[in-house]
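Single-letter residue listing:
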Amino acid sequence: MDTQTGTRSGTVPGPAGTPRTVGVVWGLLVLNTLGSAGAKTIVPLPRSLIQMVTMGALVAAFALALTVNLRLRIRPSAYLLLLTLLLVTSVISSANLESGFGALFRCFRLALFVGTLWLLTRWWGDGLTFVRHHIRAYFAVLGSVAAGLAVSPGAALPDLYGGRLVGALWPLTPPQIGQYAAVITGLTVLLVMGRRTDRTSAAVVIVPSLVLLALTHTRTATLGLLIGLALAIGSLLLTSAAARRFFTWAVLCAVVAAVGFASALQTWFLRGQSKENFSSLTGRAKVWDALLAAPRTTSEQVLGVGLGDKSFGGLPIDNSWLAVYNEQGLTGVTLVAVIIVVLGGVALLRPPSLERACAIFLISYCAIASYTEAGLGDASPYLLHLALAASLLAAPAAAAPRSTPELPRRPEVT
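Residues numbered from 1 in each chain as written. Predicted model: local features only at pLDDT ≥ 70, side-chain atom pairs only at ≥ 80, totals over all residues. Heavy atoms only, no water.

Trainee: Can you help me understand the overall build of the protein in this one?
Mentor: From N to C terminus, the protein includes 17 helices and 2 strands. Burial analysis of the protein (414 residues in total) assigns 47% to the buried set. Entry remark: accessible area of the protein is about 19700 Å², with carbon and sulfur atoms responsible for 67%. (Helix = DSSP H or I, 4+ residues; strand = E, 2+ residues; numbered from the N terminus. Buried < 20%, exposed > 50% of the residue type's maximum accessible area, 1.4 Å probe, protein only. Areas by Shrake-Rupley, 256 points an atom, 1.4 Å probe, with all protein chains shown as cover.)

Structural data, given as structure tokens:
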């Protein structure tokens, strides 16, 4: 995804160990993308307070990233270049204020988000460092969900969401929790296969994450985890005996589960919904049909109506492609499609490795989730997952030599 162009004077020097501050910045980006709307919490949190915390986290992330990269040493990145073009499109479409002044605020937020990622590119290609930051940050979020479940099971499994797990301490919806659990489970499984972590540490992450995923009854996250892992492990079959063993056992377990627990799995998958409700994707299809049937001017078709809250007619769109089409038009849809294609193409061209497998998992997960979840057109966990994939696909940065040799200092005369 990233390339280094030579080692002459002016070349960006490679990282000599990623500073700990970078991990803090990544954690603040995760906090910013948690959102400000969700379930009712045990202690009611005003939305203004939540927005102040999340936006403050983004400002702090940008400031810290700037502090550790004062010389503005960045690496070329096709992913971030495309995100920057998407930002420009968002600003143009939001300038007419059709979506209100909130659209410009969302553009400012996206600008800080992309700017922070640009500052972090100096350390991209540094192995699995950012994967570990990603797992730690989202595991901490899931820790708050588990704590809320322990403190108040009624608030964590409300009837409003059909008994599905929500965030009782911080307002998180079941799809959000399912996404975080699925992503860190998949990444941790790959780390174990690559012998980059021990099984005990992996079990501490995987077991509770799978329990929380099951309690959310999130079908998209479950399918994304299974398909994403299948593709990632498949990329390692020819070079990794551990991948072949894991794949064999996974197939056997899947066959046994399909035969022995078919009824239970079907009940969990349907979540008590009727076939009509299931076929309409819990009502999503009705919103999609209304959005596509709504009249639009040429400008709205090309550039959209500006960044909004990913809803149409007061209902959530829950589809990244249609949300981007509504807010950034066909231009935005094209840019997002190019992002997925470019990342996927680069991943396929890289030689087999654990970093490549993790990137394939993240790219495939985001592509699958984009059908029933919004987020590819604005600052979101999905863009953060793809940024992690881009960092894994970056070529390791070689330290640049000094442009001029240092002359020995003359001893001071005292």
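Read on for the rest.
Trainee: Just checking my understanding: could you explain the layout of surface pockets for this structure?
Mentor: The probe, sized like a water molecule, is rolled over the atoms to show the empty space still left. Reported here for the second largest pocket is a volume of approximately 1400 Å³. Those elements that provide at least two residues to the lining of the second largest pocket are helix H7 (174-193), helix H8 (199-216), helix H9 (219-234), helix H10 (241-260) and helix H11 (262-270). A total of 11 residues in the lining of the second largest pocket trace back to one element, the largest contributor, which is H10. When its residues are assigned to classes, the lining of the second largest pocket shows 27 nonpolar, 3 polar and 4 charged. (1 Å grid on protein atoms, 1.4 Å probe; cavity = no way out; pocket = protein on both sides within 12 Å on 5 of 7 lines; lining within 4 Å. Points joined across faces, edges and corners; volume = space filled by probe spheres on them. Nonpolar A, V, L, I, M, F, W, Y, C, P; charged D, E, K, R; others polar.)

Trainee: What exactly am I supposed to notice about unusual backbone geometry here?
Mentor: A negative phi holds for most residues other than glycine; trans holds for most peptide bonds. Residues other than glycine seldom take positive phi values, yet Leu 72 does so here, at roughly 55°. Checked against the element boundaries, Leu 72 lands in the loop between helix H2 (47-68) and helix H3 (78-94). On the basis of relative accessibility, which here comes to 51%, the residue Leu 72 falls in the exposed class.

Trainee: What should I look at first to understand the side chain of Arg 109 in this one?
Mentor: Turning to its location among the elements, Arg 109 is positioned in helix H4 (residues 101-120). At 4.3 Å, Asp 378 is the nearest oppositely charged side chain to Arg 109, a buried residue that forms no salt bridge. From its side chain, Arg 109 meets the backbone oxygen of Asn 32 in a polar contact 3.3 Å long. Those residues in contact with Arg 109, other than ones at most four positions away along the chain, are Asn 32, Thr 33, Met 55, Leu 58, Asp 378 and Ala 379. (Lys, Arg positive; Asp, Glu negative; His and termini not counted. Salt bridge = Lys/Arg side-chain N within 4 Å of Asp/Glu carboxyl O. Polar contact = N/O pair within 3.5 Å; in protein donor to acceptor, adjacent residues only side chain to side chain. Contact = heavy atoms within 4.5 Å.)

Trainee: Explanation requested: the pattern of salt bridges in the structure shown.
Mentor: For side chains of opposite charge, pairing can occur when their charged atoms come near one another. If you walk through the whole model with that rule in mind, you get 5 salt bridges. Glu 373 is paired through a salt bridge with Arg 284; the nearest N and O atoms lie 4.0 Å apart. Placement of Glu 373 in the loop between helix H16 (354-369) and helix H17 (381-393) and of Arg 284 in helix H13 (residues 284-293) is noted, with a sequence separation of 89 residues between them. A residue is classified by how much of its surface remains accessible, and Glu 373, at 14% relative accessible area, is buried. Residue classification places Arg 284 among the buried residues on the basis of a relative accessible area of 16%. Taken together, the salt bridges that share partners define one network made up of Arg 284, Asp 318 and Glu 373.

Trainee: Any chance you could explain the nonpolar core here in plain terms?
Mentor: Buried together is how nonpolar side chains tend to be arranged in soluble globular proteins. In terms of nonpolar packing, the biggest core is built from 101 residues, with Trp 26, Leu 29, Tyr 79, Phe 113, Leu 120, Leu 187 and Leu 386 touching the most fellow members. Apart from residues no more than four positions distant in its own chain, Leu 187 is found in contact with Val 131, His 134, Ile 135, Cys 358, Phe 361, Leu 362 and Leu 388. (Core = buried A, V, L, I, M, F, W, Y, C linked by side-chain atoms within 4.5 Å.)

Trainee: Explain the packing of H9 against H16 here, please?
Mentor: To describe two helices that pack against each other, one gives the angle between their axes and the distance between the axes. Interaxial distance between H9 and H16 falls to 8 Å at its minimum, and their mutual angle equals 145°. Crossing of H9 over H16 shows right-handed handedness. For the pair H9 and H16, the contacting residues are Thr 220, Ala 221, Leu 223, Gly 224, Leu 225, Ile 227, Gly 228, Leu 229, Leu 231 and Ala 232 in the first and Ala 357, Ile 360, Phe 361, Ser 364, Tyr 365, Ile 368 and Ala 369 in the second. Residue composition of the contact of H9 with H16, by class: 13 nonpolar, 4 polar and no charged. (Axes fitted to C-alpha atoms, helices over the stretch in contact; angles between N-to-C directions. Left-handed = near helix turned anticlockwise from the far one by under 90°.)

Trainee: So what exactly am I meant to see when it comes to helix H5 (residues 129-151) here?
Mentor: Counting along an α-helix, one turn takes 3.6 residues, and residues three or four places apart therefore face a common direction. For H5, with 23 residues, the first-to-last C-alpha span of 33 Å sits near the 33 Å given by 1.5 Å per residue. Of the positions making up H5, those classed as buried are Phe 130, Val 131, His 133, His 134, Ile 135, Ala 137, Tyr 138, Val 141, Leu 142, Val 145 and Gly 148. Packed against the buried residues of H5 are helix H1 (20-32), H4, helix H6 (153-156), H7, H8 and H17. (Expected span 1.5 Å × (residues − 1).)

Trainee: Just to check I follow, could you spell out the confidence of the model for the protein for this structure?
Mentor: A low pLDDT score tells you not to read the predicted coordinates there in detail. Of all residues in the protein, 87% attain a pLDDT of 70 or more, and the chain-wide mean is 86. The low-confidence segment residues 1-14, where pLDDT is below 50, has 42 contacts with residues more than four positions distant or belonging to other chains. Contacts of residues 399-414 to residues separated by more than four positions or lying in other chains number 6 contacts, the stretch itself having pLDDT below 50. (pLDDT = per-residue confidence, 0-100.)

Trainee: Mind showing me how you'd approach the packing of H7 against H8 here?
Mentor: H8 packs onto H7 with a crossing angle of 155° between their chain directions and a minimal axis gap of 8 Å. Looking at the two axes, H7 sits roughly antiparallel to H8. For the pair H7 and H8, the sense of crossing is left-handed. Each of Pro 174, Ile 177, Gly 178, Ala 181, Ile 184, Thr 185, Thr 188, Val 189 and Val 192 in H7 lies in contact with H8, whose residues at this interface are Arg 199, Ala 202, Val 205, Ile 206, Ser 209, Leu 210, Leu 213 and Thr 216. A class-by-class count of the residues in the contact of H7 with H8 yields 11 nonpolar, 5 polar and 1 charged. (Parallel < 35°, antiparallel > 145°, perpendicular 65-115°, else oblique.)

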